[in-house]
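Residues per chain are reported as follows:
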Amino acid sequence: MDQSSTAGVATNSSSSLSTTHAPDASRSSDIECIEENVIIDEITEAEPTSVTLRFCKRKFLLPYVVFLATAGLRPRYSDFVFLGYWVGHLKTFLMLLMLIIGYILQFMCGYRRDHGVIEPIQWSTTSTVAPEPNWTFRDQAVPAGSGPGHLGLLASGEAMFIYLIPALLHLNGFVLAVFIYRFADNEQLQNLVERVFILSAKPRRLVMTLWLYIGLGLVWFALSSAYSLGTLYVDAVSVVERFSSFRWTSGLAQWPRTAFVLSWALTTTLMCHDFVQMVVIVSYSLLCYLLRCYLKALKEKLLLHTIEPLNWMREICEFRKLLHHLNTKISLPVASLTVLNLSYAVSGVAHLFRDMTACPINIFTANLANILLWLVIALMPFFQAASLTVTCRQTQSCGHLISIRPFVHRNTSSEDLNTVLLYASSLKMSAKLFRMPVSAHYLCFLVLVCFIGVLTFGMCLNISLGGGRL
């Protein structure tokens, strides 16, 4: 009896032990499955972000850095190797050298960016007295039997306002752009691009839009280069005469290839000038567009409750840092170049109205196209900044929009909703140029006034193009 009872107790205890170990084994297997699911979820959540970043770098960021490097504006943090660092400085120095050579050639060849080549009007007659510098814009015949002599330099006022000040404005814009993009950027550009691509629901469409901006800039660059090449081809004789008017260059006029070499050298340097302008202004437009996309994506995520209110406010703080970088640094070279471009456009309009009654239709059309080109490149930053300001002001309504969506934000406490409402309504953000906020209303009003003024001025002049010649 005792042995059987002890055997029964043993079997019962062993069965109880087996039953107690079975839940532990199942529990451990469940924990392992949960850990595997967590790991799988982390991989699936991290993989789209890494894929998006690789797509961003391959399709836009790296080609865009090459685009900046062509103008000598490659950011320093993209120079991964020591050799690339010095190559970037070399490109910047070569572009600076081309710009300076272009300023000198424009002055020596008598080329103006607002309406083309200055024609030699008054020749210096041969006399024992050294001829005075004299270049005017009045029509005057060449005295018979007199040689060209020395045409001399422009008068001091004309040389300052036609060549010196525009050259300083253009050079200032390039130097500021080099300092900001190569040294003071501090990876702000890469940070903005990556954030926008991560938040974007359609990154392929975003890439197409960004390259559309660059494509439009290249179209402007091609049209401006075609105008410069056409004017230099038509007025090649005037260019050579102006260049050979200097005493130390008079011997070059005897070389038969002087006109060809001068035209192509001046065209190449003018293309460098236009390319620098295009890159700086297109880059500003791209940054404005990226900031607009960033802010719209944050607004959409808040309304759909795919981001917590606290995280949304943190993202808005990051956006304000990027906007401050745009307003205080990126806008500086744009402002310098915008002053220059607007001056070219206004000066071109003045010359167009003055010479309209005796201007052939083909020259009138070319001058009008030149004015439109300068207006487009000058007004583009204002329109982009105005669009960004509109988007910034629309963000103030985010708090009211989530308050009227109780089903979407039913799990959000009323304190968080009130915090977002107060924070969003207190946001005062806008894009600035010349340290002033750019508003779409004032910009449209200014464009309307300028258009009405030009139209009224043209009506009052009673103009006949080229005296009826085609």
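Residues numbered from 1 in each chain as written. Predicted model: local features only at pLDDT ≥ 70, side-chain atom pairs only at ≥ 80, totals over all residues. Heavy atoms only, no water.

The name recorded for the protein chain in an unreviewed UniProt entry is Gustatory receptor, from Anopheles dirus.

Q: Would you mind going over the packing of aromatic side chains with me for this structure?
A: Given two aromatic rings, one states the distance between the centres and the angle between the planes to describe the pair. Applying the stated criterion to the full structure yields 12 aromatic pairs. Summarising the aromatic geometry, the rings of Phe60 and Trp211 are spaced 6.1 Å apart at their centres and angled 75 degrees between planes, so their arrangement reads as edge-to-face. Of this pair, Phe60 sits in helix 1 (residues 2-70) while Trp211 sits in helix 5 (residues 203-234); the two residues are 151 residues apart in sequence, bridging distant segments of the chain. When the ring centre of Phe183 is taken as origin, the NZ or CZ atom of Arg182, which lies over that ring, is 6.0 Å away. (Phe/Tyr/Trp six-rings, centres within 6.5 Å; stacked < 30°, edge-to-face > 60°. Helix = DSSP H or I, 4+ residues; strand = E, 2+ residues; numbered from the N terminus. Lys NZ or Arg CZ within 6 Å of the ring centre and 35° of its normal.)

Q: Hey, could you run me through the nonpolar core in this one?
A: In a soluble, globular protein the nonpolar side chains are often hidden away together inside. Membership of the largest hydrophobic core comes to 85 residues, with the highest contact counts inside it found for Leu73, Phe197, Trp312, Phe319, Leu326 and Leu388. Examining the composition of this core, we find that 21 residues originate from one element, helix 7 (residues 258-303), more than from any other. Residues Val117, Ala159, Ile162 and Val239 belong to the second largest nonpolar core, which totals 16 residues. (Core = buried A, V, L, I, M, F, W, Y, C linked by side-chain atoms within 4.5 Å. Buried < 20%, exposed > 50% of the residue type's maximum accessible area, 1.4 Å probe, protein only.)

Q: Just to check I follow, could you spell out the packing of helix 4 (residues 188-199) against helix 8 (residues 309-354) for this structure?
A: Packed helices, taken two at a time, are described by the angle their axes make and the gap between the axes. Relative to each other, helix 4 and helix 8 sit at 135 degrees, their axes nearing to 11 Å. Classified by the interaxial angle, the pair formed by helix 4 and helix 8 is oblique. Here helix 4 runs over helix 8; the crossing is left-handed. Contact residues: Gln188, Asn191, Leu192 and Arg195 in helix 4; Glu315, Glu318, Leu322 and His325 in helix 8. When the residues that make up the contact of helix 4 with helix 8 are grouped by side-chain class, the tally is 2 nonpolar, 3 polar and 3 charged. (Axes fitted to C-alpha atoms, helices over the stretch in contact; angles between N-to-C directions. Parallel < 35°, antiparallel > 145°, perpendicular 65-115°, else oblique. Left-handed = near helix turned anticlockwise from the far one by under 90°. Contact = heavy atoms within 4.5 Å. Nonpolar A, V, L, I, M, F, W, Y, C, P; charged D, E, K, R; others polar.)

Q: What am I meant to see in unusual backbone geometry here?
A: Residues other than glycine predominantly adopt negative phi, and peptide bonds predominantly adopt the trans conformation. Positive phi values are uncommon outside glycine, yet Phe434 reaches one of about 60 degrees. Within the element layout of this structure, Phe434 appears in the loop between strand 3 (432-433) and strand 4 (436-437).

Q: Whenever I open this one, a positive patch on the surface confuses me. Can you help?
A: There is a patch of like positive charges on the surface, built from Arg54, Arg58, Lys59 and Arg204. Here the element with the most residues in the positive patch is helix 1; it accounts for 3 residues. (Patch = residues over 30% accessible without salt bridge, like charges linked within 9 Å, V, L, I, M, F, W, Y side chains within 5 Å. Areas by Shrake-Rupley, 256 points an atom, 1.4 Å probe, with all protein chains shown as cover. Salt bridge = Lys/Arg side-chain N within 4 Å of Asp/Glu carboxyl O. Lys, Arg positive; Asp, Glu negative; His and termini not counted. Charge placed at Lys NZ, Arg CZ, Asp CG, Glu CD.)

Q: Please explain the packing of helix 8 against helix 9 (residues 361-394) as it appears in this structure.
A: Packing of helix 8 against helix 9 leaves a shortest axis separation of 9 Å and a crossing angle of 155 degrees. In terms of orientation, helix 8 and helix 9 fall into the roughly antiparallel class. Both helix 8 and helix 9 take part in a crossing whose hand is left-handed. For the contact of helix 8 with helix 9, a count of residues per class yields 21 nonpolar, 4 polar and no charged.

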